[in-house]
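# Inside the fold
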Amino acid sequence: MTDKNIDDVSGVETTGHEWDGITELDNPMPRWWLWSYYISVIWAIGCWIAMPAWPLVSDYTRGLLGYSQRAQLSDEIAAVKAGQADLVARTAKASLAEIKSDPELLEYALAGGRSAFSVNCSQCHGSGASGSDGYPNLNDDDWLWGGTLEAIHTTIQYGIRSDHDDSRTNDMPAFGTDEILNPQQVDAVSDYILALSGADGVADSLPGKAIFVENCVDCHGPKGIGNQELGAPNLRDHIWLYQGGKAMTVDIITNSRAGMMPDWADRLDQVTVKQLAVYVHSLGGGE
Ligand code: HEC
Ligand code: HEC
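These numbers were taken from a predicted model, which means no experiment stands behind them. (Residues numbered from 1 in each chain as written. Chains lettered and ligands numbered in written order. Predicted model: local features only at pLDDT ≥ 70, side-chain atom pairs only at ≥ 80, totals over all residues. Heavy atoms only, no water.)

Around ligand 2 sit 24 residues, and of these Met172, Cys216, Cys219, His220 and Tyr242 come closest. One nitrogen or oxygen atom from the main chain of Leu241 is found 2.7 Å from an oxygen atom belonging to ligand 2. Elements with a contribution of two residues or more to the shell around ligand 2: helix H9 (217-220) and helix H10 (246-255). Considering each element in turn, the shell around ligand 2 owes the most residues, three residues, to H10. Of the residues in the shell around ligand 2, the class split is 15 nonpolar, six polar and three charged. (Near = heavy atom within 4 Å. Polar contact = N/O pair within 3.5 Å; in protein donor to acceptor, adjacent residues only side chain to side chain. Helix = DSSP H or I, 4+ residues; strand = E, 2+ residues; numbered from the N terminus. Nonpolar A, V, L, I, M, F, W, Y, C, P; charged D, E, K, R; others polar.)

Structural data, given as structure tokens:
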């Protein structure tokens, strides 16, 4: 008897393992499988040498090809930037009106403006620029400080009540806390301005009218339609920066409000500020 175990049925050598009468044949690996295996091993070693592979204590083996996804990404970014350099240069030179009338610059400005808006402006104005209490909706055609391209550009550049020297600024007096008006007068003038946006003529008969004429027209205008030079809202158009309603108007007349919008001239480059102005102007309500 040899020390090899041969299976009686197939005539193939067995491994000698047996479970409940079932023996394991010791067939050789298929040749194609073995070769694939050897090739994978050689390929893997090649990769270790050519590509970044093994972590070291504070670095890693960099591979002979010097490949890095980071380098590849910065190459791709550089290529895109080079492609845009011409558009950037033309935007920098063009006036806002020229950007608006050049389809290529306009498309570039709208795309750039939209992405700069979502990064810098949407926290306050909302992702669709529809605003919220105290933060104006930029989609409607009601503008505090003007809705022309130039006016919007100036607002974005210098901000509103911001730290910038050229900031737009104008403060409504706190008529109640500064004791310019007593609570009854505040109440009366509040009824008057709420009536301004109601049926024509009703407001004229209210006692608050005289208080309005005496205290409010310098900024909000004799008819209450506001003044964009002064950032004073139109009080007749049903569009309220601060919700509207009796309790809110009484509070605003008593305590005043001073909405603050940051300046961007020193934070964003000029091309981006122009793109933002064109984008905001395009939102639907530009003048
Ligand atoms: C920190 C909050 C804040 C951020 C960020 C902000 N804004 Fe404003 N923005 C305001 C407020 C508040 C006002 C209204 C100020 C007021 O009461 O007069 C305003 C007003 C404006 C106006 C004037 C609207 C009008 O009716 O005249 C424009 C245009 C504007 N923002 C554009 C932008 C753009 C573009 C950005 C991004 C670059 C931006 N804002 C970022 C708070 C913000
Ligand atoms: C010196 C200018 C000035 C005077 C005078 C003034 N306002 Fe204003 N008023 C403003 C400005 C500016 C705002 C916007 C405040 C802001 O943007 O945060 C405003 C806002 C308001 C609002 C909020 C409007 C909204 O859309 O939510 C009401 C209401 C209002 N004023 C009523 C009055 C009344 C009533 C008087 C007179 C008793 C008066 N104001 C006098 C400048 C003025």
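This part covers the packing of aromatic side chains. Inspection of the entire model under this criterion finds six aromatic pairs. For the ring pair Trp33 and Tyr37, a centre distance of 5.5 Å and an interplane angle of 10° mean the geometry is stacked. Of the two residues, Trp33 and Tyr37 both sit in helix H1 (residues 31-50), four residues apart, roughly one turn of that helix. Note on Tyr37: relative accessible area 44%, which makes it partly exposed. Relative to Tyr279, the ring of Phe117 lies with its centre 5.7 Å away and its plane at 55°, an arrangement referred to as tilted. (Phe/Tyr/Trp six-rings, centres within 6.5 Å; stacked < 30°, edge-to-face > 60°. Buried < 20%, exposed > 50% of the residue type's maximum accessible area, 1.4 Å probe, protein only.)

Coordination of the iron atom of ligand 2 by the protein is provided by Met172 (SD) and His220 (NE2), with metal-donor distances spanning 2.0 to 2.1 Å. The site at the iron atom of ligand 2 holds six donor atoms, and with the angles between them running 87 to 179°, its shape is octahedral. Pair noted here: Met172 is in the loop between helix H6 (149-158) and helix H7 (183-196) and His220 is in helix H9, with a separation of 48 residues, a long-range link. His220 sits in the buried class, given a relative accessible area of 10%. (Donors = N, O, S within 2.8 Å, 3.2 Å for Na, K, Ca; no water. Tetrahedral: all angles 85-135°; square planar, octahedral: opposite > 155°, others 65-115°.)

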